[in-house]
Amino acid sequence: MLAILDYKAGNQTSVRRALDHLEIPCAITADAAILESARGIIFPGVGAAGQAMRALRAAGLDTVLRRAVAAGQPLLGICLGCQILLEHSEENATPCLGVVPGICRRFEDDLRQEDGSPAPVPHMGWNSLRARASCRLLAGIEPAAEFYFVHSYYAQPDPAFVIATTRYGREFCSLYGRDGLWAAQFHPEKSGRPGLALLRNFYDYCLEARHAQ
Amino acid sequence: MLSKRVIPCLDVRAGRLTKGIRFSGNEDIGDPVESARRYYEQGADEIVFYDITASAEARGIFLDVVERVAAQIFIPFCVGGGIGTVEDMRAVLLAGAEKISVNSAAVQNPRIIAEGADAFGSQAIVVGMDVLAVPAGENVPSGYEIVIHGGRKRMGLDAVAWARRCEELGAGELCVNSIDADGTKNGYELTLTRAIADAVSIPVIASGGAGEPRHMLEAVREGGASAALIASIVHYGEYSIRDCKEYMAAAGAKVRLTW
């Protein structure tokens, strides 16, 4: 079973619909015991960093997440979840979870796309990934596949963690992590078949990781 | 770089897909959930559902359609029609939509744009604008006037000024529908699309008039739109969404071709 972390931050039901479609057992939960016993945790999020960190702390879920990462429990952060796994966010000048070294920055104003057209913030729509390191989350997904993004801030993790980057006015990290701890800036649950394949790959990893314990 | 989006629009009446020339006449052309799934599989980048019944008892049927769509398609979709309050917005978002489109209600009560953006974020709020070409005048210097109630009521409001106001109020996108071009299949109203796209920095979706893939290319090139809304061009099977996108890509537009 995958646990979808419930901290009243948006897109957990669309993640659940995608997992239901894939017939992956899952539960939306804020219960520490259920989170700990899950094969993996999906950490979604829509909204602002400051408010999200307050909600996590108020429910004690920041501690649960840090413990999960320390124990090697598979974790996938999505969008805001991806950003607040880092140490700090420029959004509301927020100290974040710090389970991956790095910070989260706001897109600069007046950026331009490759064709010279403006790149207004938020970055919203379909964009492609440029793979920087091999990652099993991308297994079987065509390199030309595009993913759906909606965000005004971008993750800037330690370069050793960068798996893929995306170009929107500037090059930014769109997928990072290492075995069992991953974070996607885009929304796999809203990115059609390639996004569903990524979620499936995450679940397959969770099953094997459990097996190896 | 962002891909230009191709967005089929489905008009839903009492739980069924309908398409006359929009705003008059109706013809049952199928199951909206089935159509949504077909367009999803053909590579639609987003889908818009428009509730054209907008009566209280049909609302439940419509929300049921939204829920069934959300369980089967895994791309963003937008819902419009009959939305006038934050509670209406919440109901369609909970049913699984990512975005809400407000149109007449926003013209009559612009605060709904700001309230929606505060509650759900600008990215969730699309303002739909129905626009009529008129002689330029004092109230309407651009020569494009906002109309509501499906084009029946002229508002004396300049479309370019209204577009700027929507952006200030927190709209995340504007869907600009030309009443003159709608249903003609002669192409989008490119002068209007360009005038709005140049006036705001949020994405503009061109609407009304698509009859062939060339028109969609024009909308993103000459019109400066981020997306092209289409309806009958795909509803009757003349073209698939892939046909449209391959045409645009061959002409050098960036579109999503892998799904």
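Above this text you will find the structure in question.
Please read these numbers as outputs of a predicted model, since none were measured by experiment.

Please explain the overall build of chain B as it appears in this structure.
A tally of regular secondary structure across chain B gives 10 helices and 12 strands. Along the first, second and third principal axes, the C-alpha set of chain B runs to 45 × 45 × 35 Å. The 259 residues of chain B split such that 59% are buried. Surface accessibility of chain B: about 9500 Å² in total, with carbon and sulfur atoms responsible for 48%.

Sorry, what's going on with the environment of Gly43(B) here?
Residue and element names in this part refer to chain B. By the element assignment, Gly 43 lies in the loop between α1 (32-42) and β4 (47-51). As a C-alpha pair, Gly 43 and Ala 171 span 128 residues in sequence and 26 Å in three-dimensional space. Here Gly 43 is in contact with Ile 241, Lys 245, Arg 256 and Trp 259, once residues within four sequence places are set aside.

Quick question: what am I supposed to make of the nonpolar core here?
A general feature of soluble globular proteins is that nonpolar side chains tend to end up buried together. Formed by 123 residues in total, the largest nonpolar core has its most connected members in Ile47(B), Phe49(B), Phe77(B), Ile113(B), Met129(B), Leu174(B) and Ile196(B). Within the second largest apolar cluster, 34 residues are counted, among which are Leu5(A), Cys104(A), Ala155(A) and Ala183(A).

Could you clarify how one ought to interpret helix α8 (residues 213-221) of chain B in this entry?
Residues and elements named next belong to chain B. With 7 of its 9 residues buried, α8 lies for the most part within the structure. Within α8, burial applies to Pro 213, His 215, Met 216, Leu 217, Glu 218, Ala 219 and Val 220. Of the surrounding elements, those touching the buried residues of α8 are β1 (5-13), α7 (190-199), β11 (204-207), β12 (227-230), α9 (232-235) and α10 (241-250).

Help me understand the pattern of salt bridges, please; the structure alone is not making it clear to me.
Once their charged atoms are close, side chains differing in charge can pair, the charge on each being opposite to the other. Under the criterion given, the structure shown has 30 salt bridges over all chains. Among the salt bridges present, the one from Glu98(B) reaches Lys190(A), with a minimum N-O distance of 3.1 Å. Taken together, the positions of Glu98(B) in the loop between α3 (86-94) and β6 (99-102) and Lys190(A) in the loop between β14 (181-184) and α6 (192-212) put the pair across two chains. One continuous salt-bridge network, built from bridges that share partners, spans Arg130(A), Arg132(A), Arg167(A) and Glu171(A).

Got a minute to help me understand the interface of chain B and chain A in this structure?
Often, the extent of an interface is quoted as the loss of accessible area upon association of its parts. With 30 residues of chain B at the contact, the number on the chain A side is 27 residues. Summing both partners gives a buried area of about 2300 Å² for chain B against chain A, and 58% of it is carried by carbon and sulfur. When residues of chain B are sorted by the area they lose upon contact with chain A, Met1(B), Leu2(B) and Phe74(B) head the list and together hold 34% of the total. Counting across the chain B and chain A interface gives 2 salt bridges. Seen at the junction of chain B and chain A, the total is 13 residue pairs in polar contact (both at pLDDT 80 or more). A class-by-class count of the residues in the side of chain B that touches chain A yields 16 nonpolar, 5 polar and 9 charged.

Criteria and cut-off values
- Residues numbered from 1 in each chain as written.
- Chains lettered and ligands numbered in written order.
- Predicted model: local features only at pLDDT ≥ 70, side-chain atom pairs only at ≥ 80, totals over all residues.
- Heavy atoms only, no water.
- Helix = DSSP H or I, 4+ residues; strand = E, 2+ residues; numbered from the N terminus.
- Buried < 20%, exposed > 50% of the residue type's maximum accessible area, 1.4 Å probe, protein only.
- Areas by Shrake-Rupley, 256 points an atom, 1.4 Å probe, with all protein chains shown as cover.
- Contact = heavy atoms within 4.5 Å.
- Core = buried A, V, L, I, M, F, W, Y, C linked by side-chain atoms within 4.5 Å.
- Salt bridge = Lys/Arg side-chain N within 4 Å of Asp/Glu carboxyl O.
- Buried area = accessible area lost by both parts, 1.4 Å probe.
- Polar contact = N/O pair within 3.5 Å; in protein donor to acceptor, adjacent residues only side chain to side chain.
- Nonpolar A, V, L, I, M, F, W, Y, C, P; charged D, E, K, R; others polar.

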